[in-house]
Amino acid sequence: MSADIPDPPSVTPRSLTRIVLIAGIALLLVAAPVAGLLAWEPVEEGNVKVVKKWGATTGTVFDPGAHLVNPVSQSTVSLSVRPQSYTMSSSTSEGERQGDDAITVLTQDGLRTDIDVTVRYRVDAAQAVKFYQNYRTVESAEERLIRPSIRSVLRTEAGRLPVTVIYTGEGQTQLKAAAERELGAEFEEAGLILEAVQIRNVELPAEYAQAVEQKEITEQRRQQKQDELAVEELEAERKRIEAQGEADANRIVSESLSDEVLAQKYIEKLDETDTVYIPVGGDGYPQFVRSLDSDGSASTSSSSSSSSSSTESANRSQTTTSSA
């Protein structure tokens with residue numbers, strides 16, 4: 001039976017070397033593509049990558065594009081350099097935290113006021129290594145730097161302003177300028193760029209808001225009364241001027257009605273009427289009436305005839321008396 005079992009092949013040093021060589025070549029053929037893929041490090045637009053070696057930053061930053069790294073000793077961390085915003089608001093639908101997250105400040109006169117604010121910023125690509133060493137992520141920077149800094153600045157600046165100023169455009173501009181001045185320096189040290197601070201709303205205390213509203217209503221009513229008085233004064237002035245004008249016109253007409261003017265007016269009217277009344281005598285009563293026919297010829301009325309007869313009779317009577 002034992003004679004039927006073949007003897008195992010003998011392993012010589014030469015054959016063993018050949019086996020190890022073949023296995024090594026096969027391993028290289030499999031590992032080379034994998035190693036090549038691991039060494040290829042793409043960076044997308046709007047991002048940078050901080051290069052680390054054995055877990056520590058090297059000071060190298062990869063800009064958008066394709067890069068090669070040593071997959072054994074090197075690694076990278078991606079950071080977004082796009083604009084970011086951090087909002088603290090009393091509205092539940094806004095801000096990084098749920099619920100009322102407005103900044104509560106005390107004004108110069110001791111009143112509490114809520115301020116909604118938005119901080120716009122971005123990671124400085126040239127200072128990405130510094131930012132990563134200090135904060136690692138933007139979420140960490142928001143929690144450790146932006147949030148406490150903006151709260152501190154606004155509370156300090158609001159304490160210098162009375163409540164009558166803080167809610168006005170001038171007061172909000174002052175808050176914005178102070179916040180940008182203080183945060184700008186802190187952000188630069190942290191590897192961030194501050195783009196803007198937006199004071200979005202100043203919520204006044206309820207009792208003060210009511211007082212301001214009532215004051216505004218009173219002011220509007222006072223202005224309305226002043227406008228009404230002004231209109232009445234203008235109307236009275238208009239009537240006075242109108243009456244003065246009429247009086248002056250009457251005086252001018254009265255002074256201009258001399259006998260010559262009246263005679264001229266009378267002559268002008270002769271061509272405008274069919275019947276003319278001729279005043280004769282000291283009292284100016286009409287002694288006869290002369291009617292003009294449509295063809296322009298004159299006809300003497302009964303009044304005129306009787307007047308002529310009376311005149312002739314008076315003349316005859318005067319002649320008889322003289323003869324006697």
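Residues numbered from 1 in each chain as written. Predicted model: local features only at pLDDT ≥ 70, side-chain atom pairs only at ≥ 80, totals over all residues. Heavy atoms only, no water.

Novice: Teacher, can you tell me more about the overall build of the protein chain here?
Specialist: The secondary structure content of the protein chain amounts to eight helices and twelve strands. When each of the 324 residues of the protein chain is scored for burial, the buried share is 23%. When contacts within the protein chain are restricted to residue pairs at least 6 apart in sequence, those whose partners lie at least 24 apart make up 61%. (Helix = DSSP H or I, 4+ residues; strand = E, 2+ residues; numbered from the N terminus. Buried < 20%, exposed > 50% of the residue type's maximum accessible area, 1.4 Å probe, protein only. Contact = heavy atoms within 4.5 Å.)

Novice: I would appreciate a short explanation of helix 2 (residues 128–135) in the present structure.
Specialist: For helix 2, the full list of buried residues reads Ala128, Val129, Phe131, Tyr132 and Tyr135. All buried residues of helix 2 project into a common sector of 165 degrees when viewed along the axis, lining one side. Following helix 2 by one or two positions, arginine 136 has its phi on the positive side, about 70 degrees. (Arc of directions from axis to C-beta.)

Novice: What is the right way to look at a negative patch on the surface in this model?
Specialist: A grouping of Asp227, Glu228, Glu232 and Glu233 is seen on the molecular surface, where their side chains present a negatively charged patch. Along the chain, glutamate 228 falls in helix 6 (residues 206–256). On the basis of relative accessible area, glutamate 228 is assigned to the partly exposed category, the value being 36%. (Patch = residues over 30% accessible without salt bridge, like charges linked within 9 Å, V, L, I, M, F, W, Y side chains within 5 Å. Areas by Shrake-Rupley, 256 points an atom, 1.4 Å probe, with all protein chains shown as cover. Salt bridge = Lys/Arg side-chain N within 4 Å of Asp/Glu carboxyl O. Lys, Arg positive; Asp, Glu negative; His and termini not counted. Charge placed at Lys NZ, Arg CZ, Asp CG, Glu CD.)

Novice: What am I meant to see in the sheet that holds strand 3 (residues 56–62) here?
Specialist: Adjacent strands of a sheet form backbone hydrogen bonds with each other and so pair up, either parallel or antiparallel. Taken in spatial order, the three strands line up as 3-2-5 in an open sheet, and their pairing is antiparallel. Looking at which strands have only one partner, the edges of the open sheet turn out to be strand 3 and strand 5 (74–80). If you compare each strand with its neighbour and ignore which way they point, the axes differ by 30 degrees on average. Where strand 2 (residues 47–53) lies against strand 5, seven bridges are found, and the strand directions are antiparallel. Paired with lysine 49 across the bridge in strand 5 is serine 78. (Pairing = 2+ DSSP bridges. Axes fitted to C-alpha atoms, helices over the stretch in contact; angles between N-to-C directions.)

Novice: I keep staring at the confidence of the model for the protein chain and nothing clicks. Help me out?
Specialist: Confidence in the prediction for the protein chain averages 75 pLDDT; 66% of positions are at 70 or higher. Predicted confidence is poor over residues 287–294, with pLDDT under 50, and the contacts of this stretch with residues over four places away or in other chains come to 23 contacts. This model gives residues 296–324 a pLDDT under 50, and the stretch forms twelve contacts once residues within four places in sequence are excluded. (pLDDT = per-residue confidence, 0-100.)

Novice: Can you walk me through the packing of aromatic side chains in this structure?
Specialist: A complete count under the given rule lists two aromatic pairs for this structure. Geometrically, the ring pair formed by tyrosine 121 and phenylalanine 187 is edge-to-face, given 6.3 Å between the ring centres and 85 degrees between the ring planes. One end of the pair, tyrosine 121, is in strand 8 (residues 112–123); the other, phenylalanine 187, is in helix 5 (residues 169–190), and 66 residues separate them in sequence. Each ring, one from phenylalanine 131 and one from tyrosine 135, has its centre 6.0 Å from the other, and the planes form 35 degrees; the classification is tilted. Of this pair, phenylalanine 131 and tyrosine 135 both sit in helix 2, separated by four residues, roughly a single helical turn. On the basis of relative accessible area, phenylalanine 131 is assigned to the buried category, the value being 0%. Note on tyrosine 135: relative accessible area 13%, which makes it buried. (Phe/Tyr/Trp six-rings, centres within 6.5 Å; stacked < 30°, edge-to-face > 60°.)

Novice: Explanation requested: the side chain of threonine 87 in the structure shown.
Specialist: As for its position among the elements, threonine 87 is in strand 6 (residues 84–88). Among the polar contacts listed, one links the side chain of threonine 87 to the side chain of threonine 118, at a separation of 2.9 Å. (Polar contact = N/O pair within 3.5 Å; in protein donor to acceptor, adjacent residues only side chain to side chain.)

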